[in-house]
Every structure is written in C-alpha cells, then in structure tokens.
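Spelled out from the first residue to the last, the chains are:
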Amino acid sequence: MSEVAAAPQMQISDEVAIQMIGMHKWYGEFHVLKDINLTVNRGERIVICGPSGSGKSTMIRCINRLEEHQKGKIIVDNIELTHDVKNIAEIRREVGMVFQHFNLFPHLTVLENCTLAPIWVRKMPKKDAEEVAMEYLERVKIPEQADKYPGQLSGGQQQRVAIARSLCMNPRIMLFDEPTSALDPEMISEVLDVMVSLAESGMTMLCVTHEMGFARKVANRVIFMDGGEIIEENEPEEFFNNPQSARTQLFLSQILHH
Amino acid sequence: MTDTATQPRSYEPGNHPDLPPPLLTSGPLAWVKHNLFGSPLNIALTVISLYLLYLIVPGLLNWAIFDAVINAGSREECKAIAAGACWALPAIRFDQFLYGFYPDHLHWRINLTAVLFFLALLPVLWDNAPFRKQWLIYSCIFPVIAFFLVVGGLGMEEVETTKIGGFALNVIIGVTGIVASLPLGILLALGRRSQMPIVRTLCVMFIEFIRGVPLITLLFVASTMLNYFLPPGTTFDLILRVLIMVTLFSSAYIAEVVRGGLQAIPKGQLEAADAMGLRYWQSMRLIVLPQALKISIPGIVNTFVGLFKDTTLVVIIGLTDVLGVGRASLSDSKWQGLPEEVYVFTAILFFVCCFSMARYSTYLEKKLHTGHKR
C-alpha cells in the first residue's frame, strides 16, 4: 500500500545535502533546539510537523542562517555553517526559502521580485534574468501577472510568486516554512499543486507544514518535533498509521480527527 | 411563509445587473451636500466660515492689491497716492532682496546658477526624463559649477563670500543643507540600528547631541568658537562653516525620521533578502530603503521645509540674508514704518518655495503608491 501512495518515487542519491550534528540553539536562556541530528540526502523530501513552538521553523531557519545555532554542526552542500560570511553567502545562494507570509517586496513588480536576486547575486544580465523569471512564472501558472505589484494579487498567487522567486536562483535545496498557513482554504491547493510538481522534479525539499495530504503524497520522511526535540521520524504511511510515541499519537489525533 | 427560511436556495449567477448609484452619492453636488451641509453643526461651521471670509478677504485684497502703490520714491509719496500697501520699497530694493551685497554687475552669475540649478534638479525629480542617466551626471557635477559661479575663480572675478546675501543666501544654505543632509541622515539612521556597538553608540550620541541643541547655538559656535578649536592661522570661510552646521543639524532630524520609516518595514522583508543571498548594503539599497524612505517622505519634507525657513537665523551671526536686507531697508529714513510690506514680501518668497516642496512630496507619495496597503 505504501508503495502506491508514495507515487513519485524519485531516486534519492547517496549524496548528502544537509547534515545537522548535535545542533543546539538558545534564545537567551530558553533552550529552543535540543540535540538535533538530521541527515537529508539529495532529492529527499522531508515534511516537518509538530505543535506550535516546537522549534520546527527555527530548525529550518538555521539551515540558511536566518537563525544562528550555538552548538553542534550544520553542513549544507558540503559547506559548514560558521561565522564565515563567505560560507553563509554561498549557502544562501544554493538554498531557496518560502515563507509563511510570502515576504514579497511590495515596491517591486512580480517580475522585478523574481529577477532581483539573479541580477544582484548571480550577476546575471537583466534580459536573461527576465527570461528565466518568465519561465518559472509560467511553471507556477501566473505569467500574466508579471507586471503587477504583489499587493494586487491574491494570497495564493503571492505565494506562487514567492516560490517562483526562489526558483529563479536555481537553488539545489528548497525550504518551506508553513507555506500554506496564511492562505484561504480555496488557495491552499493551488500552492500545494506547485509544490507537488516541484517535488516530482527531484528537488531536495524541507517543508514545515500541517498539510498531511501533501506529506502522504510527496514526503519520503515525516519528522515530528516537540519541545525543541525530534520525537519521531518515519516514512509517511508508517508515521500516520502507526505512530510510535504517545505525543505523536495525541498530535495526530488532534489534527486528523475533527 | 414561515418555511421559506429553511428551504434550500440557490441563485443563477450573473442575474444581478450593475445599477447606477442612487442620486447624490457622487459628483460635486454630493460633495457639497455631504461636506458642507451634512449636519446642523456642519451647516453652522460653513456659515461662520463664510462670514469670517467676508470680513477678512475684501480688506486684505484692498490693502494688498486695489489700494496698493508700486511706483513711489518714498513712504510719504506712497501715502499721498493711496492708503494700501506700499510695494515700492521691495520693488526698488528688489535686487538687494534677492542678491544682498553681491556686486551689481555680477548678478548674472547668480541668475545663471539658478537656471543651471533647475536644470540639475529636473532629472532628479522627474524619473522619466529623456537621457536621464547622462543628465544625472551633470546634476552631480553641478555643485562644483555652482561653487565657481558664485564665488568666482577660474579666471572669473572673485567675490568675497560675505557679500553673498539676500534670498540667494537662503537658497544656497537651504539647498546645500537639504542635498547634503539626506544621505548623511540615512547613514546615521542605519548606523543607529546597526549591530555594531561602536557605530551605534557614535550615531546615537551625535543625533542626541545635535537634536538637543538649538540651531542658533550651533551657528554661534560656527561663527565664533570654531576658531578656538582650529589650529591658529586656519581661515575657514564663515558661510562654509554655516553650511556644515546647518547640514549636521538637519541630518540629525532626517536620521530620526528615516529611522521611523525603517522600523515600519516588516522583519520578513530583510529575511527574504537575506535568504536570497543579498548582502547588507544591497538589501538596504534595493529592499529596505526604497520602502522606508517612501513612508518617511512626509517627515523628510517637513524637516526640509523647517530647515529652509531656519536659514533666516543666519542674520544673527551677521550674514545678510533676505530678512537682514529687509531689516536694513526698514531703517532707511525714507522708508521707515513699512514692516508689513517687507515681511509679507519675504513671506511670499518663502511660501512659494516651501509650498512647491510640499506639492512635490504629495505627488511623489501618490506615484510611489503600489497598492500594497489593503
């Protein structure tokens, strides 16, 4: 049964994309992340869930150094995250991120949002950057909105622009931080469709989300976090049908049955 | 009848045609009805306002225009012709009001500078100007051209800077202060929000010190005390000292206004820029500042207008700006007793400039509005 559900079974390479070893983080006195150990191979799709405040967003934000970890190691794309600004810049070039609140730049058009980083970070000529941007805008099915400003689009459209904007940098890893939590129910599926097709293309993805349908459809692994720890980690079917810890069972019963 | 509420209902979509709005909800008549006669209080206020206008406006117009005299040799002659304003004084001394004691035969240089200034301003304010990039290069070198035109040198007759006066002096100080204090203020604002403790502390100290001191004090420091601090023998042009002080003064205010704008930018904007790999200065220039400055436009222009009017304070340290010329002309025995005319004339000069700035800022705000406020 599990083979059928996990339909887009892309081959996962042995190459390691992200590795966290004994990673800890504190906010002042507060211990947010406790001994996180996680290895993500290239091409893997991982869904991270857990109650709010469990540290799941903080964990993926550590991967591109939006948050700084204080202990342990994070290695992304064979580069270790340290205080070295050069390393951070290099990792950020290869890691795309999609935020809960889209964080599009309201003073720039959709097209300008998409071409900004390729032009300024990758030093791509403007014309090439625009061509690439239109390609990705077509892939997320909103090329006709290219000249509008983000404020003129619906939430679902904005989030799709945000995904296209990240893809324009041609990243090897994509991080999604609750990409559908701020959307109206009607718009969630249009964003999830884009994410599914992205997963099918073999992108390495880490998604913090509570969309369990999405997790069953594309994830190789589901990770459950609570209180700053990874409590459970399993294949989606096993995870949903046969959760091991009591905390996971409680969480699943709350989000699945109501 | 009672059951209809529980019946399932459905509507054919598109069965409601677009109807015109009910009468008197739009158009000028509706505006008058709603804004001037909307309620008893509104009606009373409208009537009182009209009555006050009736009391003030005719008298003002009579004084300023209908009973005014423009050709006369002295105040006595004015009074003999009509009872209204005696514009003959600003008319006769017009050149002095504009140029101060700048030599008569060199006034063309100030005029040329003014014309070149507007040409330099145009591409800055008008972003669809043809050849804007090349034109902006000219705008950047304009200050150098202006300096030599006003002060002389390069084969042109030199003019002592203390001779520069009248409204030209106000404009020179005002424009220099505005142009120089904006970038300095932005840097101070960024510095005050910096993660680096030394930069932050220095910026905070500078801003708080300058803001905590009256401009006149700083001008006195510029005119007298600066000589004590500088090594003996260094001569430092007085107007240059004033320019520096005025710039520093307004940059502290600009910094606080811009900081307000910076604080209004959601953290997510910077996070998105970081996640895309933009560097600090890139994200500031491309993402944060364009949005923060847009929010700060009213405050920035407010500071500029204030700065421009504060340029009249230089009269206290012995420079003869337009107010200085006015005062001097009032002590002329032929013209004694005409303060209204002198000050109204000065007020009009300032009002035209400040009001233009205000209008431009309104235009800019409208133009930069990209519909993200919903």
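About the criteria used
Residues numbered from 1 in each chain as written. Chains lettered and ligands numbered in written order. Predicted model: local features only at pLDDT ≥ 70, side-chain atom pairs only at ≥ 80, totals over all residues. Heavy atoms only, no water. Helix = DSSP H or I, 4+ residues; strand = E, 2+ residues; numbered from the N terminus. Contact = heavy atoms within 4.5 Å. Disulfide = S-S within 2.5 Å. Buried < 20%, exposed > 50% of the residue type's maximum accessible area, 1.4 Å probe, protein only. Bend = angle between axes of the 7 residues up to and from the residue. Pairing = 2+ DSSP bridges. Axes fitted to C-alpha atoms, helices over the stretch in contact; angles between N-to-C directions. Buried area = accessible area lost by both parts, 1.4 Å probe. Salt bridge = Lys/Arg side-chain N within 4 Å of Asp/Glu carboxyl O. Polar contact = N/O pair within 3.5 Å; in protein donor to acceptor, adjacent residues only side chain to side chain. Nonpolar A, V, L, I, M, F, W, Y, C, P; charged D, E, K, R; others polar. Domains from an automatic or database assignment. Phe/Tyr/Trp six-rings, centres within 6.5 Å; stacked < 30°, edge-to-face > 60°. Lys NZ or Arg CZ within 6 Å of the ring centre and 35° of its normal.

What follows covers the environment of M187(A). All names here are of chain A. Assignment of secondary structure puts M187 in helix α7 (residues 185–200). Note: C-alpha distance between M187 and G156 (31 residues apart in sequence) is 4.9 Å. Those residues in contact with M187, other than ones at most four positions away along the chain, are S154, G155 and G156.

So, about the state of the cysteines. In this structure the tally under the stated criterion is one disulfide over all chains. Put simply, C78(B) and C86(B) are joined by a disulfide, and their sulfur atoms are 1.9 Å apart. What sets the handedness of the C78(B) and C86(B) disulfide is the S-S torsion sign, and at about 60° it is right-handed. Overall, the relative accessible area of 3% leaves C78(B) in the buried class. Lacking any disulfide linkage, C207(A) is separated from the closest cysteine sulfur, that of C49(A), by 11 Å. With a relative accessible area of 2%, C207(A) lands in the buried category.

Our next topic: helix α10 (residues 215–229) of chain B. Residue and element names in this part refer to chain B. S223 marks where α10 bends most, by close to 50°. Within α10, burial applies to L215, L218, L219, V221, A222, S223 and L226. Those residues of α10 that are buried lie in contact with α9 (197–211), α11 (238–263) and α13 (280–310).

Now for the sheet that holds strand β6 (residues 95–98) of chain A. Residues and elements named next belong to chain A. Pairing is mixed in the open sheet, where six strands are placed in the order β6-β7-β8-β3-β9-β10. Because the sheet does not close on itself, it has two edges, and the strands there are β6 and β10 (229–234). Each neighbouring strand pair of the sheet contributes to a mean axis angle of 20°, computed without reference to strand direction. As judged from the four bridges shared by strand β3 (residues 45–49) and strand β8 (residues 204–208), these two strands associate in the parallel manner.

Time to look at the interface of chain B and chain A. Each partner contributes residues to the interface: chain B has 21 residues there, and chain A has 26 residues. The junction of chain B with chain A conceals about 2000 Å² of combined surface from both sides, 61% of it contributed by carbon and sulfur atoms. Contact with chain A buries surface across chain B, with A275(B), M276(B) and T370(B) losing the most and accounting together for 29% of the total. Seen at the junction of chain B and chain A, the total is one salt bridge. At the surface where chain B touches chain A, the tally comes to six residue pairs in polar contact (both at pLDDT 80 or more). Breaking the side of chain B that touches chain A down by element, the ones donating at least two residues are α12 (267–275) and α13 of chain B. Residue contributions to the side of chain B that touches chain A peak at seven residues, all from α12(B). When the residues that make up the side of chain B that touches chain A are grouped by side-chain class, the tally is eight nonpolar, eight polar and five charged.

This next bit is on the domain arrangement of chain B. Residues and elements named next belong to chain B. When cut into domains, chain B gives domain 1 (89–102 + 159–367) and domain 2 (105–151). With centres defined by C-alpha atoms, the gap from domain 1 to domain 2 works out at 19 Å. With eleven residues of domain 1 at the interface, the matching set in domain 2 holds twelve residues. For the domain 1 and domain 2 pair, buried surface summed over both sides reaches about 1100 Å², with 62% attributable to carbon and sulfur atoms. There are one salt bridge connecting domain 1 and domain 2. Two residues, K367 and D127, come together in a salt bridge whose shortest N-O distance is 2.7 Å.

Before going further, it helps to examine the packing of aromatic side chains. Enumeration over the complete set of coordinates arrives at 17 aromatic pairs over all chains. With centroids separated by 5.3 Å and ring planes inclined at 55°, the aromatic side chains of F308(B) and F350(B) adopt a geometry described as tilted. Pair noted here: F308(B) is in helix α13 and F350(B) is in helix α15 (residues 339–368), with a separation of 42 residues, a long-range link. Assigned by exposure class, F308(B) and F350(B) land together as buried. Among the aromatic residues, ring-to-ring pairing joins F117(B), F118(B), Y138(B) and F142(B) into one connected group. The lysine or arginine in question, R165(A), covers the ring of F105(A), its NZ or CZ lying 4.6 Å from the ring centre.

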